[in-house]
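# Summary of structural features
Below are the chains, spelled out letter by letter.
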Amino acid sequence: QVQLVESGGGSVQAGGSLRLSCVAFGYTSSIYCTGWFRQTPGKEREGVAIISDDGRTRYAESVKGRFTVSQDNAKNTLYLQMNSLKLEDTAMYYCAASLWVNCYSGSLASTQAFSYWGQGTQVTVSS
């Protein structure tokens, strides 16, 4: 019912910036939350940022003050602006969408509320 496509990943030096985009196709009117998650080999997928359909946001402590999540509902597009990038930000980044009305109240660390996922885009931060 919903398809997500990420773009904007790439390589950047530490301290630099990168902007990720995620376009949603399908029945987007049913989406209550969208979010960004990331994963590296040997670790579970972790939440980075989520945003509700009315614009409320929540961030992981490790990215707070450096990353900004936003959305353009008219374009069905989600963004993640990443500034002051660190080596530990290197990961595969995924966007996701939730059709659960209480998705914003859920834990950022949990992926269970999100039913639809993009294919991922790689972000690599180097010295």
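In short, a report on the structure. Everything numeric here is computed off the predicted structure, so don't read it as measured data.

So, on to the overall build of the protein chain. A count of helices and strands for the protein chain gives zero helices and eleven strands. Computed over its C-alpha atoms, the radius of gyration of the protein chain comes to 14 Å, within 12% of the 14 Å expected for a compact globule of 127 residues. If one aligns the C-alpha atoms of the protein chain with their principal axes, the spans along those axes are about 40 × 25 × 25 Å. When the 127 residues of the protein chain are sorted by exposure, 43% land in the buried category. Of all intrachain contacts in the protein chain linking residues separated by at least 6 positions in sequence, the fraction that spans at least 24 positions is 61%. About 6,600 Å² of surface is accessible on the protein chain, with carbon and sulfur atoms providing 47% of the total.

Below, the discussion takes up the state of the cysteines. A complete count under the given rule lists two disulfides for this structure. Disulfide partner of Cys22: Cys95, at an S-S distance of 2.1 Å. Of note, the bridge from Cys22 to Cys95 carries an S-S torsion of about 60 degrees and is right-handed in sense. Within this pair, whereas Cys22 is found in strand E3 (residues 18-26), its partner Cys95 is found in strand E9 (residues 91-98), the two being separated by 73 residues in sequence. Overall, the relative accessible area of 4% leaves Cys22 in the buried class. In this model, Cys33 is linked to Cys103 through a disulfide, with the two sulfur atoms separated by 2.1 Å. Because the sign of the S-S torsion sets the handedness, a value of about 90 degrees for the bond joining Cys33 and Cys103 places this disulfide among the right-handed ones.

Looking now at the sheet that holds E3. Ordered by their spatial adjacency, four strands build an open sheet running E1-E3-E8-E7, and the pairing between neighbours is antiparallel. One side of each edge strand has no neighbouring strand; the edge strands of this open sheet are strand E1 (2-7) and strand E7 (67-72). Taken pair by pair, the neighbouring strands of this sheet meet at an average axis angle of 15 degrees, ignoring direction. Both E7 and strand E8 (residues 77-82) contribute to a ladder of six bridges, which runs antiparallel. Bridged to Phe67 within E8 is Met82.

To continue, consider a nonpolar patch on the surface. Together, Tyr32, Trp100 and Val101 give the surface a local cluster of nonpolar side chains, amounting to about 300 Å² of exposed area. Residue placement: Tyr32 occurs in the loop between E3 and strand E4 (33-39). For Tyr32, a relative accessible area of 34% translates into the label partly exposed.

The residue Asp89 is located in the loop between E8 and E9 in this model. Residue classification places Asp89 among the buried residues on the basis of a relative accessible area of 0%. Within the local environment of Asp89, its side chain forms a polar contact with the backbone nitrogen of Lys86, the two atoms lying 2.8 Å apart. Setting aside anything within four residues of it in sequence, one finds Asp89 in contact with Arg38, Val63, Arg66, Phe67, Ser84, Val123 and Val125.

The next subject is the environment of Thr34. Within the secondary structure layout, Thr34 lies in strand E4. Judged by its relative accessible area of 13%, Thr34 falls in the buried class. Through-space distance from the C-alpha of Thr34 to that of Asp53 is 7.8 Å; in sequence the pair is 19 residues apart. Each residue touching Thr34, except ones within four places of it in the same chain, is listed here: Ala49, Ile50, Ile51, Gln71, Leu78, Ala96, Ala97 and Phe114.

Rules used in this analysis
- Residues numbered from 1 in each chain as written.
- Predicted model: local features only at pLDDT ≥ 70, side-chain atom pairs only at ≥ 80, totals over all residues.
- Heavy atoms only, no water.
- Helix = DSSP H or I, 4+ residues; strand = E, 2+ residues; numbered from the N terminus.
- Rg over C-alpha atoms; globule rule 2.2 N^0.38 Å.
- Buried < 20%, exposed > 50% of the residue type's maximum accessible area, 1.4 Å probe, protein only.
- Contact = heavy atoms within 4.5 Å.
- Areas by Shrake-Rupley, 256 points an atom, 1.4 Å probe, with all protein chains shown as cover.
- Disulfide = S-S within 2.5 Å.
- Pairing = 2+ DSSP bridges.
- Axes fitted to C-alpha atoms, helices over the stretch in contact; angles between N-to-C directions.
- Patch = residues over 30% accessible without salt bridge, like charges linked within 9 Å, V, L, I, M, F, W, Y side chains within 5 Å.
- Salt bridge = Lys/Arg side-chain N within 4 Å of Asp/Glu carboxyl O.
- Polar contact = N/O pair within 3.5 Å; in protein donor to acceptor, adjacent residues only side chain to side chain.

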